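The residues making up each chain are set out below.
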Amino acid sequence: MNGDAETDRPLARPPLLKPGQTYATATDQIAAIVLSRKTSKGWWLCFGLSSVLALGYLLGAPIIFSYGPGLFGINIPVAWGFPIVNTVWWIGIGHAGTLISAILLLLNQKWRNSINRFAEAMTIFAVIIAGTWPILHLGRPWFFYWLIPYPSTMGVWPQFRSALVWDFFAISTYMIVSIIFWYMGMVPDLGSLRDRARKRWQQVAYGLLALGWRGSVRHWQNYESAYLLLAGFAAPLVVSVHSVISLDFAISIEVGYHSTIFPPYFVAGALYSGFCMVLTILVPMRKVFGLEPYITLRHLDNAARLLLAAGLFVAHGYISEFFTEWYSGSTFERTLGWSRITGPYAFAWWITMFCNVLVVQLFWFKRVRRSPWTLWVLSLVINLGMWMERYVIVMTGPARSYTSGRWDVVWATLFDLATLIGSIGFFFMLMLLFVRFLPAISIFEVRELVREQKEEGAP
Amino acid sequence: MTERERSWGLLAGFGSVAELHAAIVALRAAGYRHMDAYTPLPVEGLAEALGQKRSWVPLITLCGALAGGIFGFWIQWWTAVVDFPINVGGRPFNSWPAFLLVTFEMAVLVGACTAFAAMLALNRLPRLHHPLFGVGEFDLASRNRFYLAIEASDPLFDPVRTRQLLQQQAPLSLREVPP
Amino acid sequence: MPPIKPADLQKIGRQLANRHGKEYWRSLEALAEQPAFGAYLEQEFPRLAEIWNGPVDRRGFLKISAAAMALAGLAGCERQPPEYIVPYVRMPERLVPGKPLFYATTLSATGTGVGALVETHEGRPLRLSGNPAHPASLGALDVFNQAAILDLYDPDRAQTPLFGGEPAAYSRFEAEWRSRYTQLTRQRGRGLHVLTPPLHSPSLAAQLQALLAALPEARWYGHTPLERGGALAGARQAFGQPLEVRYMLERAVCIVSLEADFLGDMPGSLRYARDYSGSRGVHGKRQDSRLYVIESQVSITGAKADHRQPVPPSQLDPVARALAARLGLPVSPPVEQPVPDYWLAALARDLLTRQGQSVVIAGEQQTAAVHLLAHAMNARLGNLGRTIEYYQPPLPSPAQDLAELLAAIAAGEVETLLILGGNPVYDAPADLDLATALPQVPFAVYYGPYANETAAVCRWLVPAAHPLESWGDALAFDGSASPAQPVVQPIYGGIEPLRFLAELRGQLGAQPRQLVRDYWQSRYGDADFDAWWNGSLHDGVFAGMRASAVAAELRPDWNKALPPLPQRQGMELRFAPDPSLWDGSVANNAWLQELPRPLTKLVWGNAVLINPLDAAAAGIAQNQLVQLAHGTWSQQVPAQLQPGQPRGTVTLHLGGGRSAAGRVGNGIGVAAYRLRPAAQPWFTTVQLQPLPAEQQVITTQHHHRMQGREQQLARTTTLQELTAEAARAAEPQPSSSLYPEHRYNGYAWGMLIDIDACIGCNACVIACQSENNVPSVGPEQVRRGREMHWLRIDQYYKGGLEAPKVVFQPVPCMHCEKAPCEYVCPMHATTHSSEGVNEMTYNRCIGTRDCSQNCPYKVRRFNFLSYTGKDALTPAVIGTHNPDVTVRSRGVMEKCSYCIQRINRARMAAQKENRRIRDGEFTTACAEACPTRAIVFGDINDPAAEVSQLKSSRLNYAMLAELNTWPRTTYLPGVRNPNPEIARHEGQ
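Residue positions are given per chain, counted from 1 along the sequence in the order it is written. Whichever chain is written first is A, and whichever ligand is written first is 1; the rest continue in order. Given that this is a predicted model, residues contribute local features only at a pLDDT of at least 70 and side-chain atom pairs are listed and counted only at 80 or more, while totals for whole chains, interfaces and linings are drawn from all residues. Think of the side-chain values as coming from all heavy atoms in the structure, minus any hydrogens and water.

Caption draft 1: Looking closely at a nonpolar patch on the surface. Residue and element names in this part refer to chain B. Here the term patch refers to residues with relative accessible area over 30% and no salt bridge, with like charges joined within 9 Å and nonpolar side chains (Val, Leu, Ile, Met, Phe, Trp, Tyr) within 5 Å. Only the protein chains shown count as cover for residues, and all accessible areas are computed by the Shrake-Rupley method using a 1.4 Å probe. Any Lys or Arg side-chain nitrogen located within 4 Å of an Asp or Glu carboxyl oxygen qualifies as a salt bridge. Together, Trp56, Leu59, Ile60, Leu62, Leu66 and Ile70 make up an exposed nonpolar region whose accessible area comes to about 640 Å². Numbered from the N terminus, helices here are DSSP runs of H or I no shorter than four residues, and strands are runs of E no shorter than two. Along the chain, Trp56 falls in the loop between helix H3 (46-50) and helix H4 (57-83). Only protein chains enter the area calculation, which uses a 1.4 Å probe; residues under 20% of their type maximum are buried, those over 50% are exposed, and those in between are partly exposed. Here Trp56 falls in the exposed class, since its relative accessible area comes to 57%.

Caption draft 2: Molecular detail of the interface of chain C and chain A. On the side of chain A, 52 residues touch chain C, which itself brings 54 residues to the contact. The buried area of a pairing is the accessible area, by a 1.4 Å probe, that goes missing from both parts when the two are put together, added over both. It is C:Arg709, C:Gln853 and C:Arg890 that lose the most area in chain C upon contact with chain A, and together they represent 18% of the buried surface on that side. The interface formed by chain C and chain A contains two salt bridges. Between C:Glu787 and A:Arg406 there is a salt bridge, with its nearest N and O atoms 2.8 Å apart. Two residues form a contact once any of their heavy atoms are found within 4.5 Å.

Caption draft 3: Structural view of the pattern of salt bridges. Residue and element names in this part refer to chain C. Summed over the entire model, instances satisfying the criterion amount to 55 salt bridges over all chains. Arg290 is paired through a salt bridge with Asp350; the nearest N and O atoms lie 2.8 Å apart. Of this pair, Arg290 sits in strand E10 (residues 290-295) while Asp350 is found in helix H13 (residues 341-353), placing the two residues 60 residues apart along the sequence. We note that Arg290, like Asp350, is buried.

Caption draft 4: View of the packing of aromatic side chains. To pair, rings of Phe, Tyr and Trp, with the six-membered ring standing in for Trp, must have centres within 6.5 Å; the planes then decide the type, stacked if under 30 degrees apart, edge-to-face if over 60, and tilted in the middle. A complete count under the given rule lists 87 aromatic pairs over all chains for this structure. Clustering of aromatic rings is evident, with ring pairs tying together C:Trp471, C:Tyr519, C:Trp520, C:Tyr524, C:Phe529, C:Trp532, C:Trp533 and C:Phe542. For a ring to carry a charge above it, either NZ of a lysine or CZ of an arginine must fall within 6 Å of the ring centroid while also lying within 35 degrees of the normal to the ring plane. In this structure, A:Arg436 packs its charged tip against the face of A:Phe437, placed 5.6 Å from the ring centre.

Caption draft 5: Structural context of the nonpolar core. Nonpolar cores were defined as sets of buried Ala, Val, Leu, Ile, Met, Phe, Trp, Tyr and Cys residues, with membership established by side-chain atoms within 4.5 Å. Counting 404 residues, the largest nonpolar core has A:Phe249, A:Phe363, A:Phe427, A:Phe434, B:Leu148, C:Phe262 and C:Met377 as the members making the most contacts within it. With 17 residues, helix H8 (residues 217-250) of chain A is the largest single contributor of residues to this core. In contact with A:Phe363, not counting residues within four places along its chain, are A:Ala304, A:Leu307, A:Leu308, A:Val368, A:Arg369, A:Leu375, A:Leu378 and A:Ile382. Counting 45 residues, the second largest nonpolar core, distinct from the first, contains C:Leu215, C:Ala218, C:Ile495 and C:Met545.

Caption draft 6: Structural detail: the interface of chain C and chain B. The partner chain B presents 11 residues to the 12 residues of chain C that form the contact. In total, chain C and chain B occlude about 1,100 Å² of area from one another, counting both sides; carbon and sulfur atoms represent 58% of this. Inspection of the chain C/chain B interface yields zero salt bridges. Here a polar contact is recorded for every N or O atom pair within 3.5 Å, except that within protein the pair must consist of a potential hydrogen donor and a potential acceptor, and residues adjacent in sequence are included only if both atoms are side-chain atoms. Across the chain C-chain B interface, the total number found is five residue pairs in polar contact (both at pLDDT 80 or more). Of all the secondary-structure elements, those providing two or more residues to the side of chain C that touches chain B are helix H27 (820-823) and strand E32 (830-832) of chain C. When residue character is reported, Ala, Val, Leu, Ile, Met, Phe, Trp, Tyr, Cys and Pro are called nonpolar, Asp, Glu, Lys and Arg charged, and the others, Gly included, polar. Class assignment of the residues belonging to the side of chain C that touches chain B gives a composition of four nonpolar, four polar and four charged.

Caption draft 7: Structural context of the pairing of strand E16 (residues 443-448) of chain C. Residues and elements named next belong to chain C. In terms of burial, E16 is largely enclosed, as six of its six residues are buried. Side chains Phe443, Val445 and Tyr447 of E16 all project onto a buried face; the interleaved residues Ala444, Tyr446 and Gly448 project onto the opposite face, where all are buried too. One bridge is not enough; two strands pair if DSSP finds at least two bridges between them. Pairing geometry for strand E15 (residues 416-420) and E16, over five bridges, is parallel. Its bridge partner being in E16, Leu420 is matched across the sheet by Tyr447.

Caption draft 8: The arrangement of the sheet that holds strand E36 (residues 935-939) of chain C in detail. Residue and element names in this part refer to chain C. Spatially, three strands are ordered E36-E29-E37 in an open sheet, and the strand pairing comes out mixed. Two strands bound the open sheet, and with one partner strand each, they are E36 and strand E37 (969-972). Shown here is a sheet whose adjacent strand axes are inclined to one another by a mean of 20 degrees, direction ignored. Relative to E36, strand E29 (residues 749-754) runs antiparallel, the two being bridged by five bridges. Residue pairing across strands places Leu752 opposite Val936, the latter belonging to E36. Lines are fitted to the C-alpha atoms to define the axes, a helix being fitted only along its stretch in contact, and any angle between axes, read from their N-to-C directions, falls within 0 to 180 degrees.

Rendered as structure tokens:
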């Protein structure tokens, strides 16, 4: 592809945008996607497909809500099943957005500018879906709000030593902050849309959302400092969220849960799955909406490099966890370790190893990193692998707990599978709506790129 | 004067940051203060050129974050030690290490919200209408044109002389902003 | 519109049966709207018809629909008859609302009388526990009699007489019988045949005798699926007269069991269990007592044995002869028998060194020869009168059996047949086909509690009242008599047995109470009878009414009676009473169906037990369907690989495969009776053929090894190690914390469980279930691993598959002082009380299940679905529910509460008298029911309390102590006392 201009000039940094972009072209092209471009057949096809899948979730959830978590494949001792696996998985996916927009912003990585917007959207949708699972898995979901410390007539408060309460605060904080971050990032662009809009409803809608943004220097000044601060908050937050999730397991004394490596290991896993999902969506999207000028191979390459790094860290996590099981000398831990490789859930463990440790090694090769569709396929594989990793973590411990007389296993039910697949469909449904109605690429930040390139390329 | 009532100020559009910057410097030199620039993207340096003070947002945010954190820890300590002390797994009532996470989350939550609110407040947003929107071409401010607006409220403002002054900066466009 | 026929009503009834809520009422109204319904009421229920013909207001309609339900035989829920639901005008004496009343009575679910206490709240019986004053109970109660309370409320019980399967008025039966009876008297009873199970009630026997006396030519047959002809025959051969045996195990320090499951299914097992554990000196105070078991199945007695020899059933006789010969008895030892010589030699030496304080017990199900040998050995060892007593069978027994009845039916002699209880059509041996024979009897009457398989082929069904609804009496295993008194009016209008028998003799309106009273007055005499009678009713025992021992002299020529040695041929099939379902008569009891059988851990169905080694040889896998064939009979049964099962032997438990048990018991398991020859009731040869199909066997424990966690989980040691002080294990001391600990002033409740004393009999499990409203969840949920028992018995195997050692470990909530479950609960739903009890607050629970995830003992139970709603197996409306215990809804976690309601009741009583709760003043349900007192509960702050004393033992240990959970429930290890000689041989 013509993005590979640098192959003959290997030392020069490849451009972040295709050459020849001006403020005007950038603004008009991106705005057009939302404003004037006719909804493509492909969009309708994807939308229809994902809506159908979403039914599994949108119908399954109410049924489970009314009949009870007994519809999931859980029992005593394995009292946590798919819902928790899905929570961890989705939260993980929800990490890439904030990482790209916040941490890379702080590190002043300009290449983030054209992908951060939709990555943030991805984050929000993923976190929202993740947040529904713990509620759905409750025995009496309609009382989940008891987790909020409000003065109730019962006079009882949440039990703040519980990791589940930390979860609740972490996830809801993360969700709110992400939404603010996302919306605030969009305000100037909503202004652009407002100014480009020609249809009445668009003018009204975007006009309201833009809050009367005028792009004055004072605006920009306050805006930028606030945006940086938000990034400053989001960066530690994103690290804290998955650490807290990992504490659900780590602070318990259950075999295979009680492990001090969990927080960093979970965060790495989160970034890993997050970037996978970014690729999973990025590759098709840049094709469908013709965004190659803004999302170049350089972006994909960088994402792939990050993926490789995260993958290696995760692999390290696996190894050290396994090592500790053996080194602890505890019969409980060793039995568990052995059962993970050979026991009833061995299949999941081996899939995890294949997808997360072996497959990612391909990313050492530039050819792989720079062929979009290979990346896409591999990203799907790694997504699967990361789900399986969480499955292994959640199920194997209790199934081989301390009291060997209570060992038992439990398998997925129809509801487990329907709701999981359905939630994936629901996620893509939301993503499609987003790219259709909101600027999927940060217009003003692309303008900044244009300016930079002008200055770089200026004779 | 009738002039002054009829107009909010003057709006000059430029094609590039450089031209805009030059214009600002010139008008500041001429003693104008009530003016602001409108750009499609944040441009460093303009604020200083316009003599704007640095943003209050960080300070306000800091206060917000601290308040959130303190409240976060207080609610946990108070409910666990004062209002509803009960033996949970033999742990001490004031299990402060366990309370730190929620404290952190609360700090971040309140801090982030304050940052956003402060940004809006200091920008006097939301304000859906503004005289500038009355100018037809102002929509280019969010595309590829860089504007400088001199407000009529400026003591030196004089429809004729100010206009000439701006003309000398050779703007792509120069418009009167109706009130 | 044509008038409703009972048939239609039945049909509607059946439709209604599987309806609930709105739907249910709608169809009921549809029924009530038919004008023909009024006509039907007219003829059946004149009084209701009046209401009907008047304008029907809502309440009137409800009354009618209630009646309709009754007629249709489906009174959905069990209430006392309406005329008793009236407010007190003056409060009945002694009945304080909220305070339970206890009545003493006698139950006999397993054939012999066991004294029980009935706990009633506001006149509603809701719990059964043992009667400490009764010799067969001493305060303990077996699972069958405890679960009997559930049958009392069972909506599937027969609710009205059935004539040819249709509801009919009892008056109609009386009319028919009266005419028939006059005719019978004319022909001196010729043509009248009576079939009964073995009698255990003196007054009932007297009534029957009177009937037979009035009709001298009537004939009396007996039948029981648990026939024990061998025992009486053996005694007759040994002593020239049929004698019953009672053992005094507390005096026996060397016990040899020839497949006598005296801790399990043998009559008097509760008492024997207590005496046995007493002889060993429970709770670490050891004596040199030893138990040898030779058995052809897996039993809890075998599991507790110091030495166990699994042999095929046919080989018990040869082994017994070999042992007898080694004891110097004039018996020719068999050329070959399965038990190694060193083992028998050591056993014989052990017996001979402890003459007079040993005992050889032959199992109820053994042949006459084995019993004869056992008697002879006991005589040789000088045990007669020391550890064994004999007494005359106190009650008459029928001379003829089922086969002869069938012959009579075939010969057409049987015009009138009275079947007084039992269920012969279901549990008769396979070669006696009653199902086809009975319909040939012109007038067959079945009197029993259920419209079961037998009732289906009889002309009449007369519903029997539940034991808790009836006056009566019963003999215990040792021949002592005790009274049975009703605690509630017949809920479903059953007829009390005494009344029924009297009315058969034409004595209409006889008063059962009067009949019992008169009978015992005739036995006791008139002198101060009233005082004695009232005292007996109060204590639940007839003082001084115990069959007296007779001197038994072994006949010199006893060994002539020995039959030629049986030859063993091929695979043998051993039948055994089901540890939870007995003979199948209780199959409709959800508690028992869901009670994990000891050793097999089976629930909701039986399976063919086969040793894993045999299974491997025959290519049979766990859960694989196996075709069991004997001659032309065959059954398909799923296989359960059972360590310790004798090689060359498969076991199939009785009690499965009911077709007319009720909504709970129908179609659960396989009917072993269909393979059972009348000649050999307890074992036979069988061909095994694995089928290419699977049927999952539902068990509650899937892993039986301790994975090198013996020290952390269930400890065992041997007496030798103890005496050598070798077993002193350095306990991991609870490490101290940086923070100040919570203090427990006042009471500090704690529990101690003695693994050595525990015989795994499940009494505690059922006791807990009935005390704490623990629901049964049904086979599907148990298969998913969601059983709800608060107290479970973990069971571990040590050693090879041939004859592994078994450890039983009851596991309730440990009530850890550093409870891991509590600090992970986000809701304060499980917290610690000031007395150290780990408490559940159901209202606060939102069901995150993190507590269970973090419980290393996995003792928490979760309501994954609504297990107590109206669709549940044991619905929340059921009368047995303890008003002092919350019924848990869907989505909340629950677990053992140390019977907090009992603690509070005791506290109230103590506070009224302004004193502390005394030790032993109350105890938990499990501890109360335990026949061996393996569970001790009390205040560990009171150094004098038994529990504190026991916890001070150096053997006392906490499960998984290294996790630093500081459990309040601790254990004493299991202690075996192996014979040194045998141990040397087995290289232990």
